[in-house]
Amino acid sequence: MLTKFETKSNRVKGLSFHPKRPWILASLHSGVIQLWDYRMGTLIDRFDEHEGPVRGVHFHSSQPLFVSGGDDYKIKVWNYKTHRCLFTLLGHLDYIRTVQFHHEYPWIVSASDDQTIRIWNWQSRTCVSVLTGHNHYVMCASFHPKEDLVVSASLDQTVRVWDIGALRKKTVSPADDIMRLTQMNSDLFGGVDAIVKYVLEGHDRGVNWAAFHPNLPLIVSGADDRQVKLWRMNETKAWEVDTLRGHMNNVSSVMFHAKQDIIVSNSEDKSIRVWDATKRTGLQTFRREHDRFWILAVHPEMNLLAAGHDSGMIVFKLERERPAFALSGDSLFYAKDRFLRYYEYSTQRDSQVIPIRRPGTPSLNQSPRTLSYSPTENAVLICSDVDGGSYELYIIPKDSVGRSDVVQDAKRGTGGSAVFIARNRFAVLEKSTSQVLVKNLKNEVVKKSSLPIPTDAIFYAGTGNLLCRSEDKVVIFDLQQRLVLGELQTPPFVRYVVWSSDMESVALLSKHTIIIASKKLVLQCTLHETIRVKSGAWDDNGVFIYTTLNHIKYCLPNGDSGIIQTLDVPIYITKVSGNTIFCLDRDGKNKAITINATEYIFKLALLRKRYDHVMSMIKNSQLCGQAMIAYLQQKGFPEVALHFVEDERIRFNLALESGNISVAVASATQINEKDHWYRLGVEALRQGNSGIVEFAYQQTKNFERLSFLYLITGNLDKLSKLMKIAEVKNNVMGQFHNALYLGDVKERVKILENAGHLPLAYITASVHGLNDIAERLATELGDNVPSLPEGKTPSLLMPPTPVMCGGDWPLLRVMKGIFEGGLESADRGGTVDEEDGEGDWGEELDINVDGMENRDIEDILAAAEAGEEENDEDGGWGGLEDLELPPELDTPKASANARSSVFVTPTQGMPISQIWSQKSSLAAEQAAAGSFDTAMRLLHRQLGIKNFTPLKSMFLDLFNGSHSYLRAFSSSPVVPLAIERGWSESSSPNVRGPPALVYDFSQLDEKLKSGYKATTSGKFTEALRLFLSILHTIPLVVVETRREVDEVKELVTIVKEYVLGLQMELKRREMKDDPLRQQELAAYFTHCNLQTPHLRLALLSAMGVCYKAKNLATASNFARRLLESNPVENQAKMARQVVQAAERNMTDATKLNYDFRNPFVICGSTYVPIYRGQKDVSCPYCTARFVPSQEGNICTVCDLAVIGADASGLLCSPAQVR
């Protein structure tokens, strides 16, 4: 049993398949009727007008109707398109058990607990016949699929067959009045529309179900006596043929299968049973744990059944319908109806080869599952589920194609799956042991091999290789070398494996997923489908064509997929050749379907950058549609999408997206809406095409923007024209602004005066030195002359000179892209040529001013200038006409391409900081590139650094030091420049060097010397600051050679010793009141690895401290060490005196934690000795040592790294990386 769909719901009492669509109606005990799409697994609709359980439901065979009958005594007829109940038929007096439409007449038959069967006319909405005769509840009633018969089953233990021929004659309209009279009489005196033809008695209990065979004179019934009975009938009588026993409880429903010779029954014993109708034996039983079955439905056309139970329903198949097939070159071998058949693609010839199974084996789910073919040996392996999985090996005689009388005894064996892996070897899977047996054609085991994963199926994967499938992964296994060649995680249960013809790619098909991978199982893409995937094949271009239950689809190598066409019935693709798909249908017939491959070939050409193909396809094919445009936009080809689109609005958007201003202008002109002109203006401004910006602003009459545009481009003529237009339009503010932009003071004074602002006009005139106007205004103002502030020098308000006068931004000349150039000819005539348009745009401001055309204004303004222009007309640039030129030479004409070269934005390069950060694994260079997080990660990994606070300023210095900035024009942004290390004029401009770094090794040398100096002169705080800054800088230093790397590492060690010693010395000076600790710290300082002069000073200091504290023995030890270091005379004298004093009394007054005989290192945090043999932890960067309890803290010496952290070591040179 192959479950196709399952629902969880209330108890299902009625079921009905739609004859054409993948729908099923389920009526529930709760009163709801559900409409499900069993292919998609979705609930389409629910109808809930019945009160109480709905026991019967049925689809009409051709109208969008269904009928339902329930425990509320009502029969309802519904229209599922309008989602409503059309009408209710009333008449039954008790629960309604079943309802059914007649296949031809407008009738409904219903069975009820009121012991009657009623036939209704659903067009006239009346009851046309009542069938009485049963004397208990009528459990079901149904029409015969072809004849005028009704069968009913009742709890009175009988099955009745009724003849309704008279009713049919009555419905076919009567011919004359006499007939009509007799009809009226019969209606009045109890008509005989339906008569009982047979009463079938034989069941010992109430009968729950009875059904006709679709085309034989057979009836099957099921009853509470747990038996299924088969009855036969002829014209005169009916009799019992056989009884099928096996159910353990009441049989609820029983049906004949529509396609096969089998009976299906279900029962309250929680089982569905399948019986052989000819042999009358049980074939199979399917059980549920807790749910009793109540109803069965058989699909009228397809191999589908449905069963309703206590908690829902299942839609299922009894057998797989996929034919087993194997492809070999131009031919196909496939199994059908117990024969192996052969189909040749080129001639489309189909023939039988050999019979493949002895007839008479029980036929349920025993059909061939897979087929494998060896062309050289002409051998076929057929696997099926017989005996839990077995195979049969046939050798096809050379002459037997077309003659199928040769019955040969096949070589058989058991095994999960079997495939040919070489010319005369095949592999058989033993599931239990997860082993593969390699056998020869005599069916003898040649070799055994264990598989690398628990395998439940094997597939061919090239000669000698197997693809092994487990539940959630597949591997390719080489049987010869016993190696795994590739491995891939997959969704549960890959069902089919399809290799491309060159064996370079493989498609793994599971129920809802397609995975495409390379021959080594490297994942290329994954595709999810809601509807079940059925089959697939590769076409010649490397596109995978596959089918679902209702579509043929394609999958490109990058995972893009789409629908090629819709299917009415599922098919199984065997081969794709050009535009033809060869396939097998569920009946095992070969079909060739012609498809339109244009869409996926086009997408493939785009994907593979085969732009010449794309071009020719755009010109020659009818590719169109929103989906195509959306696809091109999404993939970054708006300029290609432009050539598919007729709709001006979409053209406009695409043109803006691809920067094609000329097309955008043409579209905006067609659309002519304010918003589109505004967007065009924004894009043109972005491209610096001031001509088009101006044109767009003119179209929207946007004078403020135009004024500003003329100001910044320095177009003062047009600005003054705008001012005059503002005057004509009586726009005082616009007039004033334009006068301000022009720096026209007289005009400003005039405007202010006309507007009545005389004081402002006076101030403007007097400040700008227009004294005569100022005096005139002063006399007008009389006593109200405003006073100007004393002692201030006024500055004139004049507009700045524009940075760049004149036209558009300079554009790079670039060859047209493949698409613009090639498609120019194919394009429509509507586009505006950019070059020609620019010149005279803007000269014509098409603006209506109070009924005056712009032309009129132009005329008014031009009247004064006309005179001068006339005088100029003759002179001008004349004199070229009378040049005596030599005869025309063969001057080479400019190539067509040069004409059509147009600006295409160059692709943006990679920012230098990104190049630096990609190329380098040195922290300093990452910081210089601005990748601080990467630099921090590197330092953490290399040196265990966790405290980055001391490094923050250095990171910023490195970043700032590797970049410089150039200021260009005031209106343009600052230009950043990268400063490269070791740059010279001869270096190639395309190869970027590493960043310049502000810290280098030589600076550290200088710092070290300063530190020594400060230590010698006793400035310990200053010295400590210098040494620490060296430790903090070293991680961000880059050197060139290996020798310098060693010097850097040595410097770390030197500086670490000084930092530790100076920290202890400063600590000692703080501890005035603890003489014991003072002595210890002074003693430890002498064990730091210092320069000799500094060591002498440390020894001298320790000797003095101990001597004062009466620790003479310890003091004499320091004195001896001091004498061994060749000190200066006064130091030597003091040391000798201490030794003499100690020799008289070699004792210590106090016990110190200090044993100079036992070698030790000092803990950098607690300042206690760690003697040889004791455990310690160290800093991964400065190598200072610590007691184990300090592990995980920040190192107190370098203040950067975590004590005891894992680190790979200092990386400060490209030489280390190479």
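Note that this is a predicted model, so its numbers are computed, not measured.

## Things to note about the overall build of the chain
So, step 1. Counting secondary structure elements, the chain contains 32 helices and 61 strands.
So, step 2. The burial tally for the chain puts 48% of its 1218 residues in the buried class.
So, step 3. Long-range pairs, those at least 24 residues apart, make up 48% of the contacts in the chain with a sequence separation of at least 6.
So, step 4. Total accessible area on the chain is roughly 60400 Å²; 51% of this is exposed by carbon and sulfur atoms.

## Looking at the side chain of Ser535
So, step 1. Looking at the secondary structure, you find Ser535 in strand E49 (residues 533-538).
So, step 2. At 2.8 Å, the side chain of Ser535 and the backbone nitrogen of Ile573 are in polar contact.
So, step 3. Setting aside anything within four residues of it in sequence, one finds Ser535 in contact with Arg322, Leu509, Tyr546, Thr547, Ile571, Tyr572 and Ile573.

## Structural notes on the sheet that holds strand E40 (residues 445-450)
So, step 1. If you walk across this open sheet you meet the 4 strands as E37-E38-E39-E40, and the pairing is antiparallel. Only two strands of the sheet have a single partner each, and these edge strands are strand E37 (418-422) and E40. Pairwise comparison of adjacent strand axes, ignoring direction, gives a mean angle of 30° for this sheet.
So, step 2. Where E37 lies against strand E38 (residues 425-430), 4 bridges are found, and the strand directions are antiparallel. Its bridge partner lying in E38, Ala418 is registered against Val428.

## Describing the nonpolar core
Soluble globular proteins tend to pack their nonpolar side chains together in the buried interior.
So, step 1. If you look at the biggest cluster of nonpolar residues, it comprises 86 residues, and the most contacted ones within it are Leu939, Phe1027, Ile1034, Tyr1181, Cys1182, Phe1186 and Cys1198.
So, step 2. For this core, the element with the highest residue contribution is helix H27 (residues 1042-1070), accounting for 10 residues.
So, step 3. The contact partners of Ile1034, leaving out residues within four places of it in the chain, are Leu1004, Val1048, Leu1051, Val1052, Tyr1181 and Leu1210.
So, step 4. By size, the runner-up hydrophobic cluster in this structure holds 58 residues, among which are Tyr554, Ala597, Tyr600 and Ala655.

## Quick notes on the confidence of the model for the chain
So, step 1. Per-residue confidence for the chain gives a mean pLDDT of 83, with 88% of residues at or over 70.
So, step 2. No element of the chain has a lower mean pLDDT than helix H18 (residues 834-840), at 39, and none a higher one than strand E10 (residues 96-101), at 96.
So, step 3. When the criterion is pLDDT under 50, residues 824-858 qualifies, and its contacts beyond four places in sequence or with other chains add up to 63 contacts.

## Description of the pairing of strand E4 (residues 33-37)
So, step 1. E4 sits mainly inside the fold: 5 of its 5 residues count as buried.
So, step 2. Both faces of E4 are covered, namely the face carrying Ile33, Leu35 and Asp37 and the face carrying Gln34 and Trp36.
So, step 3. Here strand E3 (residues 23-28) pairs with E4 via 5 bridges, running antiparallel. Bridged to Ser27 within E4 is Ile33.

## Points about the UniProt feature "repeat: WD" (unreviewed entry) in the chain
So, step 1. When the UniProt feature table is mapped onto this chain numbering, "repeat: WD" (unreviewed entry) sits at residues 5-46, 47-88, 89-130, 131-164, 200-241 and 244-285.
So, step 2. Split by type, residues 131-164 is 0% helix and 59% strand. Its first and last C-alpha atoms lie 10 Å apart.

## With respect to the sheet that holds strand E16 (residues 158-163)
So, step 1. Read across the sheet, 4 strands follow the order E14-E15-E16-E17 without closing on themselves; strand pairing throughout is antiparallel. For this open sheet the edge positions go to strand E14 (138-143) and strand E17 (195-201), each flanked by a neighbour on one side alone. The sheet shows a mean angle of 20° between the axes of neighbouring strands, taken without regard to direction.
So, step 2. Pairing of E16 with E17 involves 6 bridges; the strand directions are antiparallel. Following the sheet pairing, Thr158 is matched in E17 by Glu201.

## Quick notes on the environment of Ala755
So, step 1. Within the fold, Ala755 resides in the loop between helix H14 (745-754) and helix H15 (758-767).
So, step 2. In this structure the C-alpha to C-alpha distance between Ala755 and Val732, which are 23 residues apart in sequence, comes to 7.9 Å.

## Some words on helix H7 (residues 648-657)
So, step 1. Residues of H7 that are buried: Arg651, Phe652, Leu654, Ala655 and Leu656.
So, step 2. Phi for Gly659, located one or two positions after H7, is positive at around 75°.

## Focus on the pairing of strand E31 (residues 339-344)
So, step 1. Burial within E31 is extensive, with 5 of its 6 residues counted as buried.
So, step 2. As paired strands, strand E30 (residues 331-336) and E31 are joined by 6 bridges and run antiparallel to one another. When the bridges of E31 are listed, Leu332 appears paired with Tyr343.
So, step 3. Where E30 folds back on E31, the antiparallel hairpin that results is connected by 2 residues, among which Asp337 adopts a positive phi of roughly 50°.
So, step 4. Of the strand pairs in this sheet, E31 and strand E32 (residues 349-355) are connected by 6 bridges, and their pairing is antiparallel. In the strand pairing of E32, Leu340 is matched with Ile354.
So, step 5. Two successive antiparallel strands, E31 and E32, enclose a turn made up of 4 residues, where Gln348 displays a positive phi of approximately 55°.

Cut-off values and rules
- Residues numbered from 1 in each chain as written.
- Predicted model: local features only at pLDDT ≥ 70, side-chain atom pairs only at ≥ 80, totals over all residues.
- Heavy atoms only, no water.
- Helix = DSSP H or I, 4+ residues; strand = E, 2+ residues; numbered from the N terminus.
- Buried < 20%, exposed > 50% of the residue type's maximum accessible area, 1.4 Å probe, protein only.
- Contact = heavy atoms within 4.5 Å.
- Areas by Shrake-Rupley, 256 points an atom, 1.4 Å probe, with all protein chains shown as cover.
- Polar contact = N/O pair within 3.5 Å; in protein donor to acceptor, adjacent residues only side chain to side chain.
- Pairing = 2+ DSSP bridges.
- Axes fitted to C-alpha atoms, helices over the stretch in contact; angles between N-to-C directions.
- Core = buried A, V, L, I, M, F, W, Y, C linked by side-chain atoms within 4.5 Å.
- pLDDT = per-residue confidence, 0-100.
- UniProt positions renumbered as here; feature names shortened; annotations may be inferred.

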